[in-house]
Amino acid sequence: DPDWASSTLGVFICLSCSGIHRNIPSISKVKSLKMDHWDDAQVQFLAKHGNAVTKAKYEAHIPIYYYQPTYNDCQVLREQWIRAKYERKEFTEPGKQLPYSDGVKEGILWKRGRDNGQFLPRKFLLSEREGCLKYFTKQDAKEPKINVKIDVINATFQPEKIGNPNGLQITYLKDNKTRNIFVYHESGKEVVDWFNAIRSVQFHYLKVAFPIASDNEIKNRLTRNFLKEGYMEKTGPKQREAFKKRWFTLDHRRLMYFKDPLDAFAKGEVFVGSRENGYSVQKGLPSGTQGNFSWHYGITIVTPDREYLFTCETESDQLEWIKAFTSVINQAMTPQEYASKCLDAFFFPS
């Protein structure tokens, strides 16, 4: 519903992005298509330009790895995308040097402490040559606190979970378990530059690792948003224990649960395979379920080994989770996912 337009750029925009355009008055003058008066010159300007023509100009040379947000993405991603296009004109010239494209990035990010929950400044170093991301507890430290290979890293914006509009969640695999790091930067531009720098380094790493893969195939393997997150109740493997409220994250075929959304490690993980391999999702709980639960919208995940029982607070939550599980289960498993299932020690304790 693009009910707004920029009379200076000649593009139609939606309500959620019109506010961002309005905050850049030197670049964009925003008017309502229905409520504001448009003179003939402004109408002719829109007719001459429009979204396709303007896109061809301002998005002519976007790096393949650069994340292009949609109206569904968070504010900081959308704002920096708009500013990168129209204010900084980052994509109008071929070969332009960009702050996330030179294969190395170093700087300070505020990182949440794993145990005390306090955000403290930490030095981070991203290196394409070394193929890793490091962070140091002190500015002059010679040895990093962590040194993570770039191919096991994911990054996704989590402003609501972290409680900061520029909050970024970085995850990586450690001993076949997912480790979470929560960071932010005061500057929206800086945190989005970090995000795209990670994608840039990953892209060039994977180009070497998979030389016959197309650019689009590699692009699809870069950072990803979680399919679904939220609270559910769960019971243990005997299905007689009381249901406990936990925070769940569905990261493609990896379902994890946490006592707190900002926990560094999951309390448990389970692999969600495909329908051809005996996985399914069912609405409701098996008859005779004995565990006490306070939420009454049940979900049963059937695997070759056991059934996993969950309850949701509302019917809409239940339907959203079922939709997310179904989308995963309906996809055929790749050879890499078969290997992951065999190698990883997935666990789901009570």
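Because the structure is a prediction, the values reported are computed rather than measured.

For the pair helix α4 (residues 75-87) and helix α6 (residues 188-209), interaxial distance at closest approach is 10 Å and the crossing angle is 90 degrees. As summarised for this structure, α4 and α6 are arranged roughly perpendicular, according to the angle between their axes. Between α4 and α6, the contacting residues are Val76, Leu77 and Gln80 on the first element and Gly188, Lys189, Val191, Val192 and Phe195 on the second. Split by residue class, the contact of α4 with α6 holds five nonpolar, two polar and one charged.

The next thing to look at is the sheet that holds strand β8 (residues 153-157). Taken in spatial order, the seven strands make up an open sheet running β7-β6-β5-β4-β10-β9-β8, and their pairing is antiparallel. At either end of the open sheet lies a strand with only one pairing partner, and these are β7 (146-149) and β8. Put simply, the sheet's adjacent strands are angled 35 degrees from each other on average, direction ignored. Direction of pairing for strand β5 (residues 119-127) relative to strand β6 (residues 132-136): antiparallel, over a ladder of five bridges. Among the inter-strand pairings, Leu126 is bridged to a residue of β6, identified as Leu133.

Moving on: the domain arrangement of the chain. Assigned domains of the chain: these are domain 1 (4-87), domain 2 (104-220) and domain 3 (228-347). Summarising the inter-unit geometry, the C-alpha centres of domain 1 and domain 3 are found 41 Å apart.

As a further point, take α4. In this model, α4 (13 residues) spans 17 Å end to end at C-alpha, consistent with the 18 Å of a helix rising 1.5 Å per residue. Here α4 lies mainly inside the structure; ten of its 13 residues are buried. Residues of α4 that are buried include every one of Val76, Leu77, Arg78, Gln80, Trp81, Ile82, Arg83, Ala84, Lys85 and Tyr86, and no others. In this fold, the buried residues of α4 make contact with β2 (11-13), α1 (15-22), α3 (50-58), β8 and α6. At the C-terminal side of α4, Lys89 shows a positive phi close to 50 degrees.

Another point: the state of the cysteines. Using the criterion set out here, one finds zero disulfides in the structure. Cys14 forms no disulfide, and the closest cysteine sulfur to it belongs to Cys17, at a distance of 4.0 Å.

For the rest of this paragraph, the subject is the pattern of salt bridges. By the definition in use, this model includes 18 salt bridges. Glu79 is the partner of Arg83 in a salt bridge, and the nearest nitrogen-oxygen pair spans 3.0 Å. Pair noted here: Arg83 and Glu79 are both in helix α4, with a separation of four residues, about one helical turn. Judged by its relative accessible area of 23%, Glu79 falls in the partly exposed class. The salt bridge partner of Glu87 is Arg83, with a shortest N-O separation of 2.9 Å. With Glu87 and Arg83 both in helix α4 and four residues apart, the pair spans about one turn of that helix. Residue Arg83 is classed as buried on the basis of its relative accessible area, which comes to 16%. The structure contains a network of salt bridges with shared partners spanning Lys55, Glu59 and Lys85.

With that settled, consider the packing of aromatic side chains. Considering all chains together, one arrives at 19 aromatic pairs under this definition. Between Phe124 and Trp194, the ring centres sit 6.4 Å apart and the planes meet at 75 degrees, which makes this aromatic pair edge-to-face. Linking Phe124 in strand β5 with Trp194 in helix α6, this pair joins segments that are 70 residues apart in sequence. Of the two residues, Phe124 and Trp194, neither departs from the other in class, the shared state being buried. With centroids separated by 5.8 Å and ring planes inclined at 40 degrees, the aromatic side chains of Phe248 and Tyr257 adopt a geometry described as tilted.

Calculation notes
Residue positions are given per chain, counted from 1 along the sequence in the order it is written. Only residues with pLDDT of at least 70 get local features here, since the model is predicted, and only at 80 or more are side-chain atom pairs given and counted; chain-wide, interface and lining totals rely on the full set of residues. Computation of side-chain values covers all heavy atoms of the structure but excludes hydrogens and water. Here, axes are lines fitted to C-alpha atoms. For helices the fit covers the stretch in contact, and angles between N-to-C directions go from 0 to 180 degrees. Only DSSP runs of H or I with at least four residues qualify as helices, and only runs of E with at least two residues qualify as strands; both kinds are numbered from the N terminus onward. Any angle between 65 and 115 degrees counts as roughly perpendicular, while under 35 counts as roughly parallel, over 145 as roughly antiparallel, and the rest as oblique. Every residue pair with non-hydrogen atoms within 4.5 Å of one another is taken to be in contact. As a working rule, the residues Ala, Val, Leu, Ile, Met, Phe, Trp, Tyr, Cys and Pro are called nonpolar, Asp, Glu, Lys and Arg charged, and the rest polar, with Gly in that last group. Two strands are said to pair when DSSP picks up at least two bridges between them. Domain ranges listed in this record stem from an automatic or a database domain assignment. Any helix carries an expected span of 1.5 Å times its number of residues minus one. The rule is simple: take the accessible area with a 1.4 Å probe, protein chains only, and divide by the maximum for that residue type; under 20% is buried, over 50% is exposed, in between is partly exposed. The disulfide criterion is simple: two cysteine sulfur atoms within 2.5 Å. When a carboxyl oxygen of Asp or Glu lies within 4 Å of a side-chain nitrogen of Lys or Arg, that pair is called a salt bridge. The criterion for an aromatic pair is that two Phe, Tyr or Trp rings (for Trp, the six-membered ring) have centres within 6.5 Å, with stacked assigned to planes under 30 degrees apart, edge-to-face to planes over 60 apart and tilted to the rest.

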